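Fold and geometry: a report
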Amino acid sequence: ALRLTTPWEGSLDALHDLLHGGFGTPAGGFVLVWQNAHLSRERLGYPETIAWLDTRVQRGHPYNVPLLSDRLEAARRGEGPTLFDTLVEIISEHPEIDFRLA
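Below, the structure is looked at part by part. Just so we're clear, the structure is a prediction, and the values are computed from it rather than from any experiment.

1. Points about the nonpolar core
In terms of nonpolar packing, the biggest core is built from 22 residues, with Trp34, Ile91, Ile97 and Phe99 touching the most fellow members. Taken together, the elements giving at least two residues each to this core come down to helix H1 (12–19), strand S1 (30–34), helix H3 (46–59), helix H4 (65–76), helix H5 (83–92) and strand S2 (97–101). By residue number, the principal contributor to this core is H5, which donates six residues. When neighbours within four sequence positions are excluded, Phe99 is seen to be in contact with Leu32, Trp34, Val88, Ile91 and Ser92.

2. Some remarks on the pairing of S1
The side-chain alternation of S1 yields one buried face, formed by Phe30, Leu32 and Trp34, and one unburied face, formed by Val31 and Val33. Examined bridge by bridge, S1 and S2 share five bridges and lie parallel to one another. By the bridge assignment, Phe30 is partnered in S2 with Ile97.

3. So, the pattern of salt bridges
One pass over the structure, following the stated rule, counts four salt bridges. With its nearest N and O atoms 2.8 Å apart, the salt bridge here joins Glu73 to Arg76. Of the two residues, Glu73 and Arg76 both sit in helix H4, three residues apart, roughly one turn of that helix. Look at Glu73 and you get partly exposed, because its relative accessible area is 38%. For Arg76, a relative accessible area of 46% corresponds to the partly exposed category. One salt bridge in this structure joins Arg77 and Glu79, with 3.1 Å as the shortest N-O distance. One connected set of salt bridges, linked through shared partners, spans Asp54, Glu73 and Arg76.

4. Some details on the packing of aromatic side chains
Applying the stated criterion to the full structure yields two aromatic pairs. Summarising the aromatic geometry, the rings of Trp34 and Phe84 are spaced 4.9 Å apart at their centres and angled 55 degrees between planes, so their arrangement reads as tilted. Residue Trp34 is located in strand S1, and its partner Phe84 is located in helix H5; the two are separated by 50 residues in the primary sequence. Among the residues examined, Trp34 registers a relative accessible area of 16% and is labelled buried. Overall, Phe84 belongs to the buried group, its relative accessible area being 1%. An angle of 50 degrees between the planes, with centres 6.4 Å apart, marks the rings of Trp34 and Phe99 as tilted. Residue Trp34 is located in strand S1, and its partner Phe99 is located in strand S2; the two are separated by 65 residues in the primary sequence. Here Trp34 and Phe99 have matching classes, each one buried. In textbook terms, an aromatic cluster arises when at least three aromatic residues are bridged by ring pairs, as seen for Trp34, Phe84 and Phe99.

How each quantity is defined
- Note on numbering: residues in each chain are counted from 1, in written sequence order.
- Thresholds applied to this predicted model are a pLDDT of at least 70 for local features of residues and 80 or more for the giving and counting of side-chain atom pairs; totals over whole chains, interfaces and linings are not thresholded and use all residues.
- The side-chain numbers reported here are obtained from all heavy atoms of the structure, hydrogens and water having been left aside.
- What makes a nonpolar core is a set of buried Ala, Val, Leu, Ile, Met, Phe, Trp, Tyr and Cys residues whose side-chain atoms join them at distances within 4.5 Å.
- A simple rule labels every residue: compare its accessible area, found with a 1.4 Å probe on the protein chains alone, to the largest value its type can have, and call it buried under 20%, exposed over 50%, or partly exposed in between.
- Strands are runs of DSSP state E lasting at least two residues, helices are runs of H or I lasting at least four, and both sets are numbered from the N terminus onward.
- A contact between two residues is defined here by any heavy atoms of the two lying within 4.5 Å.
- When DSSP locates at least two bridges between a pair of strands, those strands are taken to pair.
- Any Lys or Arg side-chain nitrogen found within 4 Å of a carboxyl oxygen on Asp or Glu counts as a salt bridge.
- A pair of Phe, Tyr and Trp rings is counted when the ring centres sit within 6.5 Å of each other, with Trp represented by its six-membered ring. The angle between the planes then sorts it: under 30 degrees is stacked, over 60 is edge-to-face, the rest tilted.

None of this, on its own, says anything about what the molecule does.
Written out as structure tokens, the structure is:
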């Protein structure tokens, strides 16, 4: 189990930083198993992606709003990565993590 010592509060940038290490992740890498990934894929699909993106557009930094707005419009059309896809991509970018969907 990860013992993250810094909350990431839904910020994908913060999650990415946390996974780099030094914030409660084991030194030297680790195995991360996402249990019930099929349920997460369903629950973090387009409806949740739309809600997440909408919140960030409403309170986002001005330089992020155009990008997030484009992603939001694509998600409303059922296009582009879902929140699940984005989380999988972020975790997969870390070669020191042996990432598995279960």
